Amino acid sequence: MKLLQGNRSRQLLREMEQAQSYEQWTELAGQYDHENGLDDWKQDDACESYDYRSIRQRLDVIRDLRFRRDYQQLLFVLNEGIHGNLGGIGKPSLYSKAKLGTKNLIVRYIDELCGALEDIDQVDDSIISPEVRKDFFLRASHCNGRSALMLSGGAVLGFFHAGVLRALFEQGLLPDIISGSSAGSILAATACTHTDDELHQRLSLDNLHHEVDETDAIRPALSLLGNSRPNMDADNLRDYLGKIIPDLTFHEAFELTGRKLNITVTGLSPRQAPRLLNAITAPNVLIRSAVMASCAIYGIYPPVTLMCRNASGEAVPYLPDLKWIDGSFADDLPAKRLARLYGVNHFISSMTNPAALAITPDPDKPRNMARSLFNFQARLLKMGTAETLRFSRDHIRIKSPVLSLMQHLTYGVLAQDYTADINIFLRNRWDHPLRLLAPPSREAMHRLIHEGQRSTWERVEMVRNCTAVSRTLDSILHSHDWEK
């Protein structure tokens, strides 16, 4: 019997790998959970990973007040605090046990809480005044925070992000705040410069893949000694961006789509602070030039001078004395800056950066003693190397500008944190370095996009639950045109 069950489970896992839609995947995942007794685990409230007693108690109180329509007391209870991850309900461990979803208690609580927020919004003015409701929702939104999606660098592997964006968009879960570094900036810019009506097609294989003549293909070649080849490759990249990204500034893109695009760039000089470009910090900068800068891998592409649109509508240099390179060197996942600018306190990452993947274990994988020990040693090695580089950078003078910059960039890579609240990792972490920079075949791009979708499907219910309250609050605030 166990042998038959094991064979059936393996067959379901293989079919899930080949699923062509989220609906097909969820049907198979539900069967897998049922076959392996995980429906009982979902039904059982008890679990060490979260405070199920307080969640159950709070659920009963909110449900009772909604049933009795005691909206004044309901508002009082909600004012006790609307916090993300209350009682630990957003922990990844609660979503790694079953293939589909988590504890039913968590789902019921989130649904009840969102329903209570909608009740307060729709209650008669004679019961709760509009002024009181506005004050409550503004405070609740500020307290609960919001989510952002961060797309890492990764050269050709960055087309994985297209699958992530498609999967979230199709489920109505794509955050309004999106950041991109290096290759991630291409897909972030694509998502944030097209309306909802256009986005599905713009993230398709047919739109993203453009055949490149062999004579024009990108052939990676180090330019540290003045190689002229990278200029030709930069022209190829510029032509490609012209086909998939409109000629818009950050402000124009925000006005068009309502999405908040953020692109990271690294200063060419070690004394030049990295920048997070968006409609707040650089509203007039042209998005294509920001993407070109964020993709300018040192030694592969030439540094970039940013361009902006002036008051006359002309494209002119922005900070003309400064040049910029690959954004992933200094701030691949700019969580701290997004938190300051937008009040983000929940982050979703799509990670394809080979350098980051090589030094970052997947934090959501089940752990045993051996894996935990290995991860601990890897973190110690990473931190020790980073601190050594920082000390030598600050106290040992290197005469060669190239070596000095390489030291600075290597430290930047090692010093970063590459994990988020919800992590969507590319599973195949290794590829030939030169192949990473060559134009992908149609088949290779299709595999990357599908893997991005497939990897995101495993996280969809976690994203749905962890962002439900913020999406409800944002919808209420938007419907009344209340400032956040």
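Because the structure is a prediction, the values reported are computed rather than measured.

Draft legend 1. The overall build of the protein chain, seen in detail. Per the secondary structure count, the protein chain includes 21 helices and 9 strands. Across the 484 residues of the protein chain, 51% fall into the buried class. Within the protein chain, contacts between residues at least 6 apart in sequence are counted, and of these 77% link residues at least 24 apart. Total accessible area computed for the protein chain in this model is approximately 23,600 Å², and 53% of it derives from carbon and sulfur atoms.

Draft legend 2. Examining the packing of helix H4 (residues 52-68) against helix H5 (residues 71-78) more closely. At a minimum axis distance of 9 Å, the contact between H4 and H5 shows a crossing angle of 155°. The angle between the axes of H4 and H5 places the two elements in the roughly antiparallel class. Seen from above, H4 lies across H5 with left-handed handedness. Facing Arg58, Val61, Ile62, Leu65 and Arg66 of H4, the residues of H5 in contact are Gln73, Leu74, Val77 and Leu78. For the contact of H4 with H5, the per-class residue count stands at 6 nonpolar, 1 polar and 2 charged.

Draft legend 3. Fine view of the environment of arginine 108. Mapping arginine 108 onto the fold places it in helix H6 (residues 104-122). Under the relative-accessibility criterion, arginine 108 is labelled partly exposed at 31%. Beyond its immediate stretch of four places on either side in the chain, arginine 108 contacts Asp45, Leu59 and Arg63.

Draft legend 4. A look at the pairing of strand S8 (residues 344-351). Of all 8 residues that make up S8, 7 are buried, and the element is covered over most of its length. Where S8 meets strand S9 (residues 422-425), 4 bridges bridge the pair, whose relative direction is parallel. Along S9, the bridge assignment pairs serine 349 with asparagine 423.

Draft legend 5. Region of interest: helix H21 (residues 460-480). Here H21 spans 29 Å end to end across 21 residues, near enough to the 30 Å set by a 1.5 Å rise per residue. Roughly 50° is the biggest bend found in H21, and it falls at threonine 467. Just beyond H21, the residue with positive phi is aspartate 481, at close to 60°.

About the cut-offs
Residues numbered from 1 in each chain as written. Predicted model: local features only at pLDDT ≥ 70, side-chain atom pairs only at ≥ 80, totals over all residues. Heavy atoms only, no water. Helix = DSSP H or I, 4+ residues; strand = E, 2+ residues; numbered from the N terminus. Buried < 20%, exposed > 50% of the residue type's maximum accessible area, 1.4 Å probe, protein only. Contact = heavy atoms within 4.5 Å. Areas by Shrake-Rupley, 256 points an atom, 1.4 Å probe, with all protein chains shown as cover. Axes fitted to C-alpha atoms, helices over the stretch in contact; angles between N-to-C directions. Parallel < 35°, antiparallel > 145°, perpendicular 65-115°, else oblique. Left-handed = near helix turned anticlockwise from the far one by under 90°. Nonpolar A, V, L, I, M, F, W, Y, C, P; charged D, E, K, R; others polar. Pairing = 2+ DSSP bridges. Expected span 1.5 Å × (residues − 1). Bend = angle between axes of the 7 residues up to and from the residue.

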